[in-house]
Amino acid sequence: MTAALFSSFSSASRSFHSLRRRCPLAPSGYYRAASRRFLATKKTELPSAMSGDASGSAPLQGQAAEDGGDRAGSVKQQLSRLFKASLSATVPDEPNIEPLVEVCTAKFGDYQCNNAMGLWSRIKGKSTEFKNPNSVGQAIARNLPPSDIIESTSVAGPGFVNIVLSDKWVAQSIQQMLLSGIGTWAPILSVPKAVVDFSSPNIAKEMHVGHLRSTIIGDTLARMLEFSNVEVLRRNHVGDWGTQFGMLIEHLFDKFPNWEEAGEQAIGDLQEFYKASKRRFDDDSTFMEKAQKAVVRLQGGEARYRDAWKKICEISRKEFDLVYQCLGVHLEEKGESFYNPYIPGVLGELSNKGLIEESDGARVIFIEGHQIPLIVVKRDGGYNYASTDLAALWYRLNIEKANWIIYVTDVGQSQHFDMFFSAARRAGWLPDSDGNLYPKASHVGFGLVLGSDGKRFRTRSSEVVRLVELLDEAKSRSKTELQKRLKENGKMAEWTDEELEKTAEAIGYGAIKYADLKNNRLTNYTFSFDQMLNDKGNTAVYLLYAHARICSIIRKSGRDVEELKKTGNIVLGEPDERILGLHLIKFAEVVEEACTNLLPNILCEYLYNLSEKFTGFYSRCPVVGSAEETSRLLLCEATAVVMRKCFYLLGITPVYKI
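As annotated in an unreviewed UniProt entry, the protein chain carries the name arginine--tRNA ligase and comes from Phoenix dactylifera. Comment text from UniProt for the protein chain, heading Function (unreviewed entry), reads "Forms part of a macromolecular complex that catalyzes the attachment of specific amino acids to cognate tRNAs during protein synthesis."

What follows is the structure, encoded as structure tokens:
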């Protein structure tokens, strides 16, 4: 019976084992399941200080914002410090004025300070020396402290202070980065610790293309925050608790009374096993009743049910682990079961504050502006997503002491998070809606992955596209294109099989990631292998090849770049050299903007523009054999270093030869 029903794996299982061969698990694994043990559902004692007050909510302006170590901060941050000093000297009676420094879009400078008009509206009519916004701007420019950063300033129109950066300072900044490492260009953010909640598949269900965006976007946000020296807790809030386990466990017990002896072979293909149990649950009322009772026994901690639950979770995690390994994604699991023991105490606190009310047999929290309430206890007394999410948020604020909690899910859950966050604000856990106050919670919504027909991306048989099959296809296509290119160029003999495999994997997986991340996450995007594997335009393939070309230029020079970093100097003598240098030093503020707005596409745009600016530089500024070879090789190296860091932040593995 075992052999007939479950030991013959489906195509999904074949893809799974194919993926295992391609991505063998590292000894330590990428996926650390912190809560794999069963948590008894006894009432958990909550700390006496429930953080019910929002009195501690405030901008984080202390050590986290100022202690940048060897980092000077972004160019914007450095200029802002200069203008803050100038504003204090210009209008000493107007305290707490934040500098408004932006990249200059006109041809009058590189950056611009835009405080003059706003200041004029505040001081006009008072007894001051200023007659109009332009005179305020002139004073701001005049009161700037001496600095090597600024070459010159000019004031335009109603007081816009234009800044031209010093070419010498830009060159020295790039050279110092090459010597000290790109970590010195990490932005200085005001948040010490963040939770990024992403991926979060359901146990007993295979990861499909719908999980792709959450996993990729969440990983990139975590990487950018980590690069910015924020302590990031990468949380995988898996669906490992709930009614589906009742039907899975009872189906297992019915079909395989001695399932412990059969082990994983009893379950076989977990996806087919899930479908079979779901059909019985929907069609057989007797089985449904048994499944519902099984949930109660599981939640009550009955050993037999606990062991079956653990086995099902273990099988699922092995499949998840392989996908995460291939994507290079690290997560720590804290699923629904982890937070379940905290729910009674958290709901008790909310009840004591008068937030929870009885409504139509359920317990709910009414949220202003919403016609339906937030249900926290169902009519049958069971908990749901809202109750689990409230317990998780309480834990993250009070136990993990996070300042910023970021949830990465599809935009379809926007209403849930809006209501959930509103309930937390009513409880005093979060401050009122002010983006500058901490702790704060953010929902990072994203759109759908569409097929060529403009509908949700599915297989021809209308099945959800499995992620393992998608990754397999990407690598296979990438390898075919790479082999074709190498044969056409007569370079096939120069490549080992291992190099071919690793490069095909880097390009294939990188293409999938970049095609997603380059779009504004709120929009839908059309999944197309042909487009994402194109070596022209804004694609990972184009960018990876561009990086490989830069590495080739450096290799062909025969020079020791590490030695050049110590002995050579960068000189920005040509317009294209300055354009490239100026773009390079904007890296920190781009990462800062992408983190602040939770938009990875900002980093993608910077990376693509960097590649384009390098192309302009290289086409008009000869490198190898020129009189400026040393300086230009260092610019090549700086470009490659920044590109590699961009790739890393996007979760893409760079390639060094084509």
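K.L.:
Explain the overall build of the protein chain here, please?
P.N.:
The helix and strand inventory of the protein chain stands at 27 helices and 15 strands. Expressed as a percentage of its 658 residues, the buried residues of the protein chain come to 55%. Contacts in the protein chain between residues at least 24 apart in sequence constitute 77% of all its contacts with a sequence separation of at least 6. Of the roughly 29,400 Å² of accessible surface on the protein chain, a fraction of 47% belongs to carbon and sulfur atoms.

K.L.:
I tried to follow the sheet that holds strand E2 (residues 101-103) on my own but got confused; where do I start?
P.N.:
The strands making up a sheet associate through hydrogen bonds between their backbones, and the pairing can be parallel or antiparallel. Pairing is antiparallel in the open sheet, where four strands are placed in the order E2-E3-E5-E4. Looking at which strands have only one partner, the edges of the open sheet turn out to be E2 and strand E4 (150-156). Direction aside, the axes of adjacent strands within the sheet are offset by 25 degrees on average. Relative to strand E5 (residues 160-165), strand E3 (residues 111-113) runs antiparallel, the two sharing three bridges. Directly across from Cys 113, in E5, lies its bridge partner Val 161.

K.L.:
How should I be thinking about the nonpolar core in this particular structure?
P.N.:
Soluble globular proteins tend to pack their nonpolar side chains together in the buried interior. Ranked by internal contacts, the top residues of the largest apolar core, which has 167 residues, are Leu 79, Leu 165, Leu 225, Leu 470, Ile 512, Phe 587 and Val 642. At 12 residues, the largest contribution of residues to this core is made by helix H27 (residues 629-649). When near neighbours in sequence (up to four residues on either side) are disregarded, Leu 225 contacts Leu 189, Ala 194, Val 196, Val 230, Val 232, Trp 404, Ile 406 and Cys 595. Of all hydrophobic cores here, the second largest spans 37 residues; its members include Val 195, Val 346, Leu 374 and Leu 390.

K.L.:
What is the right way to read the pattern of salt bridges from this model?
P.N.:
Close approach of charged atoms lets side chains of opposite charge pair. The final tally for this structure, using the stated rule, is 43 salt bridges. Linking Glu 314 and Lys 311 is a salt bridge whose minimum nitrogen-to-oxygen distance equals 3.7 Å. Pair noted here: Glu 314 and Lys 311 are both in helix H14 (residues 303-327), with a separation of three residues, about one helical turn. The exposure class assigned to Glu 314 is partly exposed, which follows from its relative accessible area of 34%. Put simply, Asp 219, Arg 223, Glu 226 and Arg 234 are held in one network by salt bridges that share partners.

K.L.:
Please explain helix H7 (residues 167-180) as it appears in this structure.
P.N.:
Along an α-helix, residues three or four positions apart point the same way, because every turn accommodates 3.6 residues. Between the first and last C-alpha of H7 there are 20 Å, a value that for 14 residues agrees with the 20 Å anticipated at 1.5 Å per step. Within H7, burial applies to Trp 169, Val 170, Ala 171, Ser 173, Ile 174, Gln 175, Met 177 and Leu 178. Buried residues belonging to H7 abut helix H4 (75-90), E5, helix H23 (561-567), helix H24 (575-584) and H27. N-capping of H7 is provided by Ser 166, with a side-chain oxygen placed 3.3 Å from the backbone N of Lys 168.

K.L.:
What should I look at first to understand the environment of Ala 441 in this one?
P.N.:
On the secondary structure map, Ala 441 appears in strand E13 (residues 440-446). Between the C-alpha atom of Ala 441 and that of Ile 405, which follows or precedes it by 36 residues, the distance is 4.7 Å. For Ala 441, the residues in contact, after removing those within four places along its chain, are Ile 405, Tyr 407, Phe 421 and Leu 430.

K.L.:
Is there a simple way to explain unusual backbone geometry in this structure?
P.N.:
The phi torsion of most residues other than glycine is negative, and most of the peptide bonds are trans. Cis geometry marks the peptide bond from Tyr 438 to Pro 439, where omega comes out at 0 degrees. Along the chain, Pro 439 turns up in the loop between helix H18 (414-426) and E13. Backbone geometry places Asn 96, a non-glycine residue, at a positive phi of 55 degrees. Tracing the chain through its elements places Asn 96 in the loop between H4 and E2. Take Asn 96: its relative accessible area is 72%, and that puts it in the exposed class. Its identity as a non-glycine residue notwithstanding, Leu 598 has a phi of 55 degrees, on the positive side.

K.L.:
How should the sheet that holds strand E11 (residues 374-377) be read in this particular structure?
P.N.:
Taken in spatial order, the three strands make up an open sheet running E9-E10-E11, and their pairing is antiparallel. Only two strands of the sheet have a single neighbouring strand rather than two, namely strand E9 (356-359) and E11. Along the sheet, successive strands turn relative to each other by an average axial angle of 45 degrees, direction set aside. Where E9 meets strand E10 (residues 362-365), four bridges bridge the pair, whose relative direction is antiparallel. Its bridge partner being in E10, Glu 357 is matched across the sheet by Val 364. Of the strands in this sheet, E9, E10 and E11 are in contact with helix H16 (residues 343-352), which crosses E9 at around 90 degrees.

Parameters at a glance
Residues numbered from 1 in each chain as written. Predicted model: local features only at pLDDT ≥ 70, side-chain atom pairs only at ≥ 80, totals over all residues. Heavy atoms only, no water. UniProt positions renumbered as here; feature names shortened; annotations may be inferred. Helix = DSSP H or I, 4+ residues; strand = E, 2+ residues; numbered from the N terminus. Buried < 20%, exposed > 50% of the residue type's maximum accessible area, 1.4 Å probe, protein only. Contact = heavy atoms within 4.5 Å. Areas by Shrake-Rupley, 256 points an atom, 1.4 Å probe, with all protein chains shown as cover. Pairing = 2+ DSSP bridges. Axes fitted to C-alpha atoms, helices over the stretch in contact; angles between N-to-C directions. Core = buried A, V, L, I, M, F, W, Y, C linked by side-chain atoms within 4.5 Å. Salt bridge = Lys/Arg side-chain N within 4 Å of Asp/Glu carboxyl O. Expected span 1.5 Å × (residues − 1). Polar contact = N/O pair within 3.5 Å; in protein donor to acceptor, adjacent residues only side chain to side chain.

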